[in-house]
Amino acid sequence: MASTPTRMARSPLRNQSYWAAFLLGIAAMAAIDEIVFHQILAWHHFYDNATADIALLSDGLLHAAELFIFVFGFFLMLDARRRLTFWPAAGWAGFLVGLGLFQLWDGVIDHKVLRLHQIRYEVDLLPYDVAWNVAGSLLLLAGIAWTIVLARREEPNARDDRLEQDSARHDQPQ
């Protein structure tokens, strides 16, 4: 007996694809930050206000958290596909929100409020802070704008119609 597909939520915020991709966006930006700025450029560690061993440990913990979030987001995305509720547009919106939110959180909370680390040391921070936070803000705003556009969309998309047709076909007695 074939299973009946679940109707896809019209609001991106009620769609599992959005939240799965949101987590993937957070993990991707954490990976970019850790790989580029912590390892390749060696500008900072996640926690710079201690010994080199503690700084390295903090990077390892960040990397472990990032991988956990990647795996969790990936399995949520696979589950959405299995349930036939995968909505690519909502996923991209959530991904952008996740990217931007991580970047902005890191730039404002980690760098300025908690002072865990700075982008660079022994340089004028203003250009780095502006570039870091503007990039994060643009990603976040693009994701929020896309989310709003998808939420306001009144007509169902073609995938909604296909899901309904498939569901009706499966519900008919053979």
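Residues numbered from 1 in each chain as written. Predicted model: local features only at pLDDT ≥ 70, side-chain atom pairs only at ≥ 80, totals over all residues. Heavy atoms only, no water.

Digging into the side chain of His44
The condition is simple: A helix here means a DSSP run of H or I that spans at least four residues, while a strand means a run of E at least two residues long, and both kinds are numbered starting from the N terminus. The cut-offs for exposure are 20% and 50% of the maximum accessible area for each residue type, with area from a 1.4 Å probe on protein chains only; residues under the lower value are buried, those over the upper are exposed, and the others partly exposed. N or O atoms closer than or at 3.5 Å make up a polar contact, with two conditions inside protein: a donor-capable atom paired with an acceptor-capable one, and, for residues adjacent in sequence, both atoms drawn from side chains. By definition in these notes, contact holds between two residues if any of their heavy atoms fall within 4.5 Å.
Residue position: His44 is located in the loop between helix 1 (16-40) and helix 2 (52-82). Take His44: its relative accessible area is 2%, and that puts it in the buried class. Polar side-chain contacts of His44 include one of 3.1 Å to the backbone oxygen of Gln118. A distance of 3.0 Å separates a polar side-chain atom of His44 from the backbone oxygen of Ile119. Those residues in contact with His44 that sit more than four places away from it in its chain are Asp33, Phe37, His38, His117, Gln118, Ile119 and Tyr121.

Looking at the pattern of salt bridges
For clarity, the threshold we go by: The term salt bridge refers to a side-chain nitrogen of Lys or Arg lying within 4 Å of a carboxyl oxygen of Asp or Glu.
Per the counting criterion, the structure on display carries three salt bridges. Note that Arg83 and Asp79 form a salt bridge whose closest N and O atoms lie 2.7 Å from each other. The exposure class of Asp79 is buried, given its relative accessible area of 18%. Several salt bridges converge on common partners, so that one network encompasses Asp79, Arg82 and Arg83.

Notes on the environment of Ala93
Relative to the helices and strands, Ala93 is located in helix 3 (residues 88-113). If we ignore the near neighbours within four places in the chain, the residues touching Ala93 are Tyr18, Gly143, Trp146, Thr147 and Leu150.

Quick notes on the confidence of the model for the chain
Applicable threshold: pLDDT: the predictor's confidence for each residue, scored from 0 to 100.
Summarising the model, the chain shows a mean pLDDT of 86, and 83% of its residues fall at 70 or more. Confidence drops under a pLDDT of 50 for residues 1-7, and excluding neighbours within four residues, the segment shows 17 contacts in the predicted structure.

A closer look at a nonpolar patch on the surface
Our working definition: Patch membership needs two things, relative accessible area over 30% and no salt bridge, and members are linked within 9 Å if like-charged or within 5 Å if nonpolar (Val, Leu, Ile, Met, Phe, Trp, Tyr). Each accessible area value is a Shrake-Rupley result obtained with a 1.4 Å probe; residue values ignore everything except the protein chains displayed when judging cover.
The grouping of Ile32, Ile35, Val36, Ile40 and Leu41 at the surface amounts to a nonpolar patch, some 410 Å² of accessible area in total. Mapped onto the elements of the fold, Leu41 is located in the loop between helix 1 and helix 2. Using a relative accessible area of 39% as the deciding quantity, one classes Leu41 as partly exposed.

A word on the packing of aromatic side chains
Which entries qualify depends on this criterion: Centres within 6.5 Å are what make two rings of Phe, Tyr or Trp a pair, Trp counting through its six-membered ring; a difference in plane orientation under 30 degrees is then read as stacked, over 60 as edge-to-face, and the rest as tilted. Each ring is checked for a lysine NZ or an arginine CZ that lies within 6 Å of its centre and within 35 degrees of its normal; such an atom marks a charge sitting over the ring.
The final tally for this structure, using the stated rule, is eight aromatic pairs. Between the aromatic rings of Phe68 and Phe72, the centroid separation amounts to 6.4 Å while the plane-to-plane angle is 0°, which identifies the pairing as stacked. In this pair, Phe68 and Phe72 both sit in helix 2, four residues apart, roughly one turn of the helix. Feature note: the residues Phe37, Trp43, Tyr128 and Trp132 constitute an aromatic cluster, connected by ring pairs. The side chain of Arg81 reaches across the aromatic face of Phe86, ending 5.2 Å from its centre.

Some details on helix 3
Helical geometry: 3.6 residues make up each α-helical turn, so side chains three or four residues apart lie on a common side. The condition is simple: Expected span, for any helix, means 1.5 Å times one less than how many residues it has. Consider a residue and the seven residues that end there alongside the seven that start there; fitting an axis to each set, the bend is the angle between those axes.
Given a rise of 1.5 Å per residue, 26 residues ought to cover 38 Å, and the 35 Å separating the end C-alpha atoms of helix 3 matches this to within 8%. Within helix 3, the axis deviates most sharply at Asp106, by approximately 30°. Looking one or two residues past helix 3, Arg115 carries a phi angle of roughly 55°, positive in sign.

Some points on the packing of helix 1 against helix 3
Heads up, the rule is: Every angle, taken between N-to-C directions, lies between 0 and 180 degrees, and every axis is a line fitted to C-alpha atoms, over only the stretch in contact when it is a helix. Orientation categories follow fixed angle ranges, with anything under 35 degrees roughly parallel, anything over 145 roughly antiparallel, 65 to 115 roughly perpendicular, and all other angles oblique. Crossing handedness: left-handed means the near helix sits turned counterclockwise from the far one by under a right angle, and right-handed means the same turn made clockwise. Think of it as three bins: nonpolar holds Ala, Val, Leu, Ile, Met, Phe, Trp, Tyr, Cys and Pro, charged holds Asp, Glu, Lys and Arg, and polar takes everything else, Gly as well.
Running from N to C, helix 1 and helix 3 point in directions that differ by 40°, and their axes come no closer than 6 Å. It follows that helix 1 is oblique to helix 3 by the angle criterion. The two elements helix 1 and helix 3 meet at a crossing, and its hand is right-handed. Along the contact surface, helix 1 presents Ser17, Tyr18, Ala21, Phe22, Leu24, Gly25, Ile26, Ala28, Met29, Ala30 and Asp33, while helix 3 presents Ala90, Gly91, Ala93, Gly94, Phe95, Val97, Gly98, Leu99, Leu101, Phe102, Gln103 and Asp106. For the contact of helix 1 with helix 3, the residue count by class is 15 nonpolar, six polar and two charged.

A short note on the environment of Val108
Mapping Val108 onto the fold places it in helix 3. Taking the C-alpha atoms as reference points, Val108 and Asn133, 25 residues apart in sequence, are found 7.5 Å from one another. Beyond its immediate chain neighbours, meaning those up to four positions away, Val108 contacts Val113 and Asn133.

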